[in-house]
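# Architecture at a glance
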Amino acid sequence: LLYTLGLMVWISFPVVASGAQTVGGSALLDVYKTQMSLGIFAMVGLLGIINELKRPEVASAYNIDYSLLGKLMQGIEEDVDVRLKRARERKEVPK
């Protein structure tokens, strides 16, 4: 659906731009160019994120290797255990 929307916006730009220049002059055309640029940027960004989420086998910013995640969690758990042990030795945390 986003591909269709992007294609329709891209195709309709020359038609709307020529009408905007005729009716409102170059100021209206500048506003329309800015709006279209932001809209296309948002659609391409969203499509990029969706495509990365659809393919988890490819390493990207949105997925992680589970063996690495296990090591990370193990390190965090060890750190928390050490901090709790030190706090109990100082009697800051009740048992």
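All of the points below concern the structure found in this document. (Residues numbered from 1 in each chain as written. Predicted model: local features only at pLDDT ≥ 70, side-chain atom pairs only at ≥ 80, totals over all residues. Heavy atoms only, no water.)

### Some words on the overall build of the protein chain
Broken down by element type, the protein chain carries two helices and zero strands. When burial is assessed residue by residue, the protein chain has 9% of its 95 residues classed as buried. The contacts of the protein chain with a sequence gap of at least 6 include a subset with a gap of at least 24, amounting to 42%. Element-wise, carbon and sulfur atoms account for 65% of the exposed surface of the protein chain, whose accessible area totals about 8000 Å². (Helix = DSSP H or I, 4+ residues; strand = E, 2+ residues; numbered from the N terminus. Buried < 20%, exposed > 50% of the residue type's maximum accessible area, 1.4 Å probe, protein only. Contact = heavy atoms within 4.5 Å. Areas by Shrake-Rupley, 256 points an atom, 1.4 Å probe, with all protein chains shown as cover.)

### With respect to the pattern of salt bridges
Under the counting rule described, the total for this entry stands at one salt bridge. For arginine 83, the salt bridge goes to aspartate 79, with nearest N and O atoms at 3.2 Å. With a gap of four residues between them, arginine 83 and aspartate 79 both fall in helix α2 (residues 66-89), about one helical turn apart. (Salt bridge = Lys/Arg side-chain N within 4 Å of Asp/Glu carboxyl O.)

### Looking at α2
Between its first and last C-alpha atoms α2 spans 34 Å; for 24 residues at 1.5 Å apiece the expected length is 34 Å, and the two agree. Backbone geometry just downstream of α2 places lysine 91 in the positive-phi region, at approximately 65 degrees. (Expected span 1.5 Å × (residues − 1).)

### Points about a nonpolar patch on the surface
A cluster of nonpolar side chains, contributed by Leu72, Met73, Ile76, Val80 and Leu84, occupies part of the molecular surface with about 400 Å² of accessible area. Counting through the fold element by element, leucine 84 comes out in helix α2. Residue classification places leucine 84 among the partly exposed positions, given a relative accessible area of 31%. (Patch = residues over 30% accessible without salt bridge, like charges linked within 9 Å, V, L, I, M, F, W, Y side chains within 5 Å.)

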